[in-house]
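Overview (structure and organization)
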Amino acid sequence: MIEVRVNPVDVNQIVVLEGIKVTSPVRSVVDVLPMLHDLDALALADAALRAGIDREELLTLHEVQGRQVGVHTARVALERADARAESPAESRSRGLMYRFSLPIPELQFEIGPYRADFCWREQRLLGEFDGKGKYGGKGKYGGKGKYEGELAQAAGGPEAVAQYERQREQYLRDRGWALVRWGGAELRQPYKFFTRVRGALDGASGWR
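Anyway, here's the lowdown on the structure attached to this text.

About the cut-offs
- Residues numbered from 1 in each chain as written.
- Predicted model: local features only at pLDDT ≥ 70, side-chain atom pairs only at ≥ 80, totals over all residues.
- Heavy atoms only, no water.
- Salt bridge = Lys/Arg side-chain N within 4 Å of Asp/Glu carboxyl O.
- Helix = DSSP H or I, 4+ residues; strand = E, 2+ residues; numbered from the N terminus.
- Buried < 20%, exposed > 50% of the residue type's maximum accessible area, 1.4 Å probe, protein only.
- Pairing = 2+ DSSP bridges.
- Axes fitted to C-alpha atoms, helices over the stretch in contact; angles between N-to-C directions.
- Contact = heavy atoms within 4.5 Å.

**Considerations on the pattern of salt bridges**
Inspection of the entire model under this criterion finds 17 salt bridges. In this structure, Asp 202 and Arg 198 form a salt bridge, with 3.0 Å as the shortest nitrogen-oxygen distance. Of the two residues, Asp 202 and Arg 198 both sit in helix α9 (residues 190–203), four residues apart, roughly one turn of that helix. Exposure remark for Asp 202: the relative accessible area of 42% places this residue in the partly exposed category. One salt-bridge network, in which partners are shared between bridges, spans Glu 128, Asp 130, Glu 165, Arg 168, Glu 169, Arg 173 and Arg 181.

**Points about the sheet that holds strand β6 (residues 178–182)**
On the basis of which strands lie adjacent, the open sheet formed by four strands has the order β3-β4-β5-β6 and mixed pairing. With partners counted over all chains shown, the strands left at the sheet margins are β3 (106–111) and β6, one partner each. In this sheet, neighbouring strand axes are inclined to one another by 45 degrees on average, regardless of whether the strands run parallel or antiparallel. The pairing of strand β5 (residues 125–129) with β6 spans five bridges and is parallel. Each residue of the ladder has a partner; that of Leu 125, found in β6, is Ala 178. Each of β3, β4 (114–120), β5 and β6 is contacted by helix α5 (residues 88–99), which is oriented at about 20 degrees to β4, the strand it contacts most. Each of β3, β4, β5 and β6 is contacted by helix α7 (residues 158–174), which is oriented at about 140 degrees to β6, the strand it contacts most.

Below, the structure written as structure tokens:
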């Protein structure tokens, strides 16, 4: 099924890309957001901020667009967007945390020489999305840039990356941090994601 939505475009919202007239990045994001469900909308909003697009500019144009289907989902995504999310999988993970009213963690939390995708500081709990890209494969949802195929090759292959991960995890646990991991299967089955993360929070120190 093809869905067509028509909105007037200001001349200032048109740019030329490789000789073709297209809508500007800001206008394109605002046009697409209302067409997406909450998880994909948050992933797009995160990516827009990560690319350097200003949140206030997006919100301002969003308000001008007026009422349309999906407008609430789009605004919520823009308000929750965070440029620190490094992949669609991280964005969708955070979207599920919002959906299930889980505590929202800090992103890209640094501990010594390492960095975790998510951190619930009060509970001393770290969260990690494990995509196939982390070990040299190509995952559906993408992986953290530093763990993609280049790292596996530079480190000597997937086994070397796995050994690095074991050393990293031991370093974190030695300093009192618990760790919860999930992958694409949990993102495709939201309740499985919820039980995994909620169980880890329930078992971590500081959770009430």
